[in-house]
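Structural overview for review
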Amino acid sequence: MERTSIVLGGIALPSSIMNASGPRSAERGEIYELSAVHAGALVFKSCNVAGLEAPDNLKNRGVEHFAAIARELVSRGKKIVGSIVGASEEEFVEVARALDRAGVAILELNLADDYVAGSLAPFASADRLKSLIGKVRAAAGCVLAVKVPPKSPLDARVTAGLLKDAGVAIAVCQNDLPKDLEIDVASGAVKGGARALSQAHAMYRESGGALDIVAVGGINTGRDAYIAHLTGAKALQVGSALIKEGAGALGRIDRELDALMAEQGKHSLSEIIGKAAFA
Ligand SMILES: Cc1cc2nc3c(=O)[nH]c(=O)nc-3n(C[C@H](O)[C@H](O)[C@H](O)COP(=O)(O)O)c2cc1C
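The rules behind the values
- Residues numbered from 1 in each chain as written.
- Predicted model: local features only at pLDDT ≥ 70, side-chain atom pairs only at ≥ 80, totals over all residues.
- Heavy atoms only, no water.
- Helix = DSSP H or I, 4+ residues; strand = E, 2+ residues; numbered from the N terminus.
- Rg over C-alpha atoms; globule rule 2.2 N^0.38 Å.
- Contact = heavy atoms within 4.5 Å.
- Areas by Shrake-Rupley, 256 points an atom, 1.4 Å probe, with all protein chains shown as cover.
- Lys, Arg positive; Asp, Glu negative; His and termini not counted.
- Charge placed at Lys NZ, Arg CZ, Asp CG, Glu CD.
- Salt bridge = Lys/Arg side-chain N within 4 Å of Asp/Glu carboxyl O.
- Buried < 20%, exposed > 50% of the residue type's maximum accessible area, 1.4 Å probe, protein only.
- Expected span 1.5 Å × (residues − 1).
- Near = heavy atom within 4 Å.
- Polar contact = N/O pair within 3.5 Å; in protein donor to acceptor, adjacent residues only side chain to side chain.
- Nonpolar A, V, L, I, M, F, W, Y, C, P; charged D, E, K, R; others polar.
- Axes fitted to C-alpha atoms, helices over the stretch in contact; angles between N-to-C directions.
- Parallel < 35°, antiparallel > 145°, perpendicular 65-115°, else oblique.
- Left-handed = near helix turned anticlockwise from the far one by under 90°.
- Pairing = 2+ DSSP bridges.
- Right-handed = clockwise from strand over helix to strand, strands pointing away.

1. Observations regarding the overall build of the protein
Counting its regular elements, the protein contains 10 helices and 12 strands. In terms of overall dimensions, the protein is globule-like: its C-alpha atoms have a radius of gyration of 18 Å, near the 19 Å expected for 279 residues. Overall, the C-alpha framework of the protein stretches about 50 × 40 × 30 Å when taken along its three principal axes. Counting contacts in the protein only where the partners sit at least 6 residues apart, residues at least 24 apart contribute 69% of the total. Summed over its atoms, the accessible surface of the protein is roughly 11,300 Å², and 51% of this surface lies on carbon and sulfur atoms. Each charge sign in the protein was given a centre, from 31 positive and 32 negative side chains, and these centres are 2 Å apart.

Next comes the structure, spelled out in structure tokens:
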């Protein structure tokens, strides 16, 4: 077993590192390149039913493009995370059905984008969130993940409870740690009083182990990855480093994380996940 392997939402993955939805994950060539260079899960760019030309950050070729690629890669044993955007509950359900039928392991509902906030506003109330997730849950059998908006009107406790009750296994959360965070990597000791250090950490603390947390944002090095694990993340997504550096960024961060774990005498990620402690 690899030192950085994990079980996420019940799915065994050889690495906790994966790409974030969007960068290098929209076109067939990019997706095949990511798949070839890194053994971990592969996250597709968010897609809707027919594709979008705007907004620019959600340009995509529509769900059939991704479903076709999923069928090919799943048949070779790749674990795929499909990502959904939509302007209505019905659109989320249609995309979820198509990706689920294509064999994706995990469906990530991208509820973090302004496009979704502006149309469905799923985080405007607990009822809206429950309604959307309930419909997707009824339509798709695979593991569900929700990408939580950076500034959610619902607090972490309410959100964690709702996701858990709705049958969601994974929360994809912001790794928005303070820039001046003082943390001792060897012991996990954090300077200052007990507090939520990031959205990912808040959701980890509030979910009481019922949700697996994936942290996204600012993961550029093995040390960033190690600290995100210490603050509760089971897996990590990499965006900007992929844009800057190319597909090789995933393997580099995985190797750096592995080396840091070895240096600290850790044999598995379970020894560090959530182990940040206040002095
Ligand atoms: C060019 C670009 C496109 C993106 N497209 C998507 C997307 O389709 N779906 C999504 O959930 N997030 C999307 N994101 C957000 C990333 O998944 C990630 O949350 C963000 O880049 C923060 O991670 P980073 O600090 O590693 O870049 C996109 C980001 C960038 C830079």
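2. Details of the pattern of salt bridges
Close approach of charged atoms allows side chains with opposite charge to pair. Tallying each qualifying case throughout the model produces 12 salt bridges. For E89, the salt bridge identified is with K135, shortest N-O distance 2.4 Å. Here E89, found in helix α3 (residues 89-101), pairs with K135, found in helix α5 (residues 126-139); they are 46 residues apart in sequence, far enough to count as distant. We classify E89 as buried; its relative accessible area is 14%. The class for K135 is partly exposed, based on a relative accessible area of 39%. Residue R252 pairs with E245 through a salt bridge whose shortest N-O separation is 2.6 Å. Taken together, the shared-partner salt bridges in this structure form one network comprising E245, R252 and E256.

3. Quick word on helix α2 (residues 63-74)
The end-to-end C-alpha separation of α2 is 16 Å, in line with the 16 Å expected for 12 residues at 1.5 Å each. What α2 keeps buried is the set V63, H65, F66, A67, I69, A70 and L73.

4. A word on the site of the ligand
Surrounding the ligand, one finds 17 residues, the nearest of these being S21, S46, G218, G239 and S240. In this structure, G239 approaches the ligand through a main-chain N or O atom, which is 2.8 Å from an oxygen atom. Broken down by secondary-structure element, the contributors of at least two residues to the shell around the ligand are β4 (42-47) and α9 (240-245). For the shell around the ligand, the class distribution of residues is six nonpolar, nine polar and two charged.

5. Observations concerning the packing of α3 against α5
Packing of α3 against α5 brings their axes to within 9 Å, and their N-to-C directions diverge by 30°. Classified by the angle their axes make, α3 and α5 are roughly parallel. For the pair α3 and α5, the sense of crossing is right-handed. Across the interface between the two elements, E89, F92, V93, A96, R97 and D100 from α3 touch R128, S131, L132, K135, V136 and A139 from α5. In terms of residue class, the contact of α3 with α5 is made up of six nonpolar, one polar and five charged.

6. Re the pairing of strand β10 (residues 212-216)
Counting buried residues along β10, five of its five residues qualify, which places the element largely inside the surrounding structure. Where burial is concerned, the two faces of β10 agree: the one with D212, V214 and V216 and the one with I213 and A215 are both buried. Relative to strand β11 (residues 235-238), β10 is paired through three bridges, and the arrangement is parallel. Along β11, the bridge assignment pairs V214 with A235. Since β10 and β11 lie parallel, the crossover through helix α8 (residues 222-230) that links them has a hand, and here it is right-handed.

7. Some thoughts on the side chain of Q237
In this structure, Q237 sits in strand β11. Overall, the relative accessible area of 1% leaves Q237 in the buried class. A polar contact of 3.1 Å, which involves the side chain of Q237, links it to the side chain of E108. The residues touching Q237, leaving out its near neighbours within four places in the chain, are M18, N19, A20, S21, V43, E108, V172, V214, A215, V216, G217 and I219.

8. Details of the sheet that holds strand β3 (residues 17-19)
Judged by pairing direction, the sheet is parallel, and its eight strands sit side by side in the order β3-β11-β10-β8-β7-β6-β5-β4 without closing on themselves. Two strands close off the open sheet at either side, each with one partner strand: β3 and β4. Neighbour to neighbour, the strand axes of the sheet diverge by 25° on average, direction disregarded. Alignment of strand β6 (residues 106-110) against strand β7 (residues 143-147), held across five bridges, turns out to be parallel. Bridging from a neighbouring strand, L107 pairs with L144 of β7. Along the sheet face, α3 touches β4, β5 (80-84) and β6 and points at about 165° away from the line of β5. Here α8 sits on the sheet and contacts β3, β10 and β11; the angle it forms with β11, its principal contact strand, is near 140°.

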